[in-house]
Structures are given as structure tokens and as C-alpha cells.
Amino acid sequence: RNSVGCLLVFDISQRPTFERIHSWQQEVLDYVKPNPMIFMLVGHKCDLDVRREVTTLEAEALAKKLNMVGYLEVSSKDNTNVSLAFQTLAQGIYNQFQKRRISIRDGWYGFTVGAPVQPKPPQTKESGCQCG
């Protein structure tokens, strides 16, 4: 629930995974309401281009239709665009923050500037520590 970005990933060699993207997006939106969510569409297994069942143009059109920050094809097998997918999503989130479409609110950690850190106090023998 405390997220603001989501990579929706489908297998370019398995059309049924692509056909489920809209329902997956809706499921995420229903789960995070009323908080905003920024999506990016990712076609996985681009190293299997010979088995492709979903074209790049189809995926780009769907990403645009569903108001996502973009579409990118990746392969974890040969590390193609994996880091770029996360960087692109992070940039999309930042852009929406700059446009004031995402705001920082108390009690919601979907988007924060620095995570709140509460260090544990060191234990001593007086506090029951059994260490040497």
C-alpha cells in the first residue's frame, strides 16, 4: 500500500500475460486507493524475440492508453534495460511530483524525502544484555 510506483511486467513471448495488463493495473489501483500510483509497462524476455507474440507498437500503444510513463523491453537473462526500467519509473515519479500530482503527506510513505529513521538505543548490562 505504501508505494507510488509500479512496474507492470508481461512476457513478450506469451500474449495472455499482455492481455492481463489492464486488469492488473486496475487491481493495483483498487488496492492503493486513494493514493496515487505511477505505472510503467515492461515487456520482459526481449532476448526471446524469435518467439515474440506482442509487438513493440502494441505495447507502446497500451502504455499510452493506460497513461503510463512509458514502455520498455527488458531481459534479465542478458541484463538489457533492467536498470533503465527502474530509472525511468523513478524519473516519471519525480516528474509527477514536480507537477504537484503527487504530494508528501503525513502518515503515508509512498513518496517521502528521506525515510524516517529511529535508531534503537544501545543495550548495556544494566538493560538486561547478556553479552560479554
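Scroll up a little and you will see the structure.
It should be emphasised that the depicted structure is a prediction, and the values quoted were computed from it without experimental measurement.

Analysis parameters
- Residues numbered from 1 in each chain as written.
- Predicted model: local features only at pLDDT ≥ 70, side-chain atom pairs only at ≥ 80, totals over all residues.
- Heavy atoms only, no water.
- Helix = DSSP H or I, 4+ residues; strand = E, 2+ residues; numbered from the N terminus.
- 1 Å grid on protein atoms, 1.4 Å probe; cavity = no way out; pocket = protein on both sides within 12 Å on 5 of 7 lines; lining within 4 Å.
- Points joined across faces, edges and corners; volume = space filled by probe spheres on them.
- Nonpolar A, V, L, I, M, F, W, Y, C, P; charged D, E, K, R; others polar.
- Buried < 20%, exposed > 50% of the residue type's maximum accessible area, 1.4 Å probe, protein only.
- Pairing = 2+ DSSP bridges.
- Right-handed = clockwise from strand over helix to strand, strands pointing away.
- Arc of directions from axis to C-beta.
- Contact = heavy atoms within 4.5 Å.
- Core = buried A, V, L, I, M, F, W, Y, C linked by side-chain atoms within 4.5 Å.

## Section: the environment of Asn 67
Checked against the element boundaries, Asn 67 lands in the loop between helix H3 (56–65) and strand E3 (71–74). For Asn 67 and Met 40, which are 27 residues apart along the polypeptide, the C-alpha to C-alpha distance reads 8.9 Å.

## Side note on the layout of surface pockets
Quantified by volume, the largest pocket comes out at close to 150 Å³. Residue lining of the largest pocket: Gln 25, Leu 29, Met 37, Ile 38, Phe 39, Leu 66, Asn 67, Met 68, Val 69 and Gln 96, and that is the complete set. Elements that contribute at least two residues to the lining of the largest pocket include exactly helix H2 (21–32) and strand E2 (38–44). Across the lining of the largest pocket, the residue classes tally to seven nonpolar, three polar and no charged.

## Structural notes on the pairing of E3
Burial along E3 is two-sided: the residues Tyr 71 and Glu 73 and Leu 72 and Val 74 are all buried. As defined by bridge partners, E2 adjoins E3 across four bridges and the pair is classed as parallel. By the bridge assignment for E3, Gly 43 is matched with Glu 73. Regarding the hand of the β-α-β motif, the stretch spanning E2, H3 and E3 is right-handed.

## Digging into H3
Listed in full, the buried residues belonging to H3 are Ala 59, Leu 62 and Ala 63. Angular distribution of buried residues about the axis of H3 spans 100°; they occupy a single face of the element. Turned more than 90 degrees away from the buried face of H3, the exposed residues are Leu 57, Lys 64 and Lys 65. For H3, the elements touching its buried residues are strand E1 (5–11), helix H1 (15–19), H2, E2 and E3.

## Some remarks on the nonpolar core
Ranked by size, the top nonpolar core spans 18 residues in total, and within it Leu 8, Phe 10, Ile 21, Leu 41, Met 68 and Tyr 71 carry the most contacts. Those elements that provide at least two residues to this core are E1, H2, E2 and H3. Residues within four places of Leu 8 in sequence aside, it is in contact with Ile 21, Trp 24, Gln 25, Phe 39, Met 40, Leu 41, Val 42 and Met 68. Counting ten residues, the second largest nonpolar core, distinct from the first, contains Ile 38, Leu 89, Ile 93 and Ile 102.

## Regarding unusual backbone geometry
The phi angle of most residues is negative, glycine excepted, and most peptide bonds adopt the trans form. Of note in the backbone geometry, Lys 45 takes a positive phi value of approximately 70° without being a glycine. Position of Lys 45 relative to the elements: it lies in the loop between E2 and H3. Phi is positive for Asn 79, close to 60°, though the residue is something other than glycine. Position of Asn 79 relative to the elements: it lies in the loop between E3 and helix H4 (82–98). On the accessibility criterion, Asn 79 (54% relative accessible area) is exposed.

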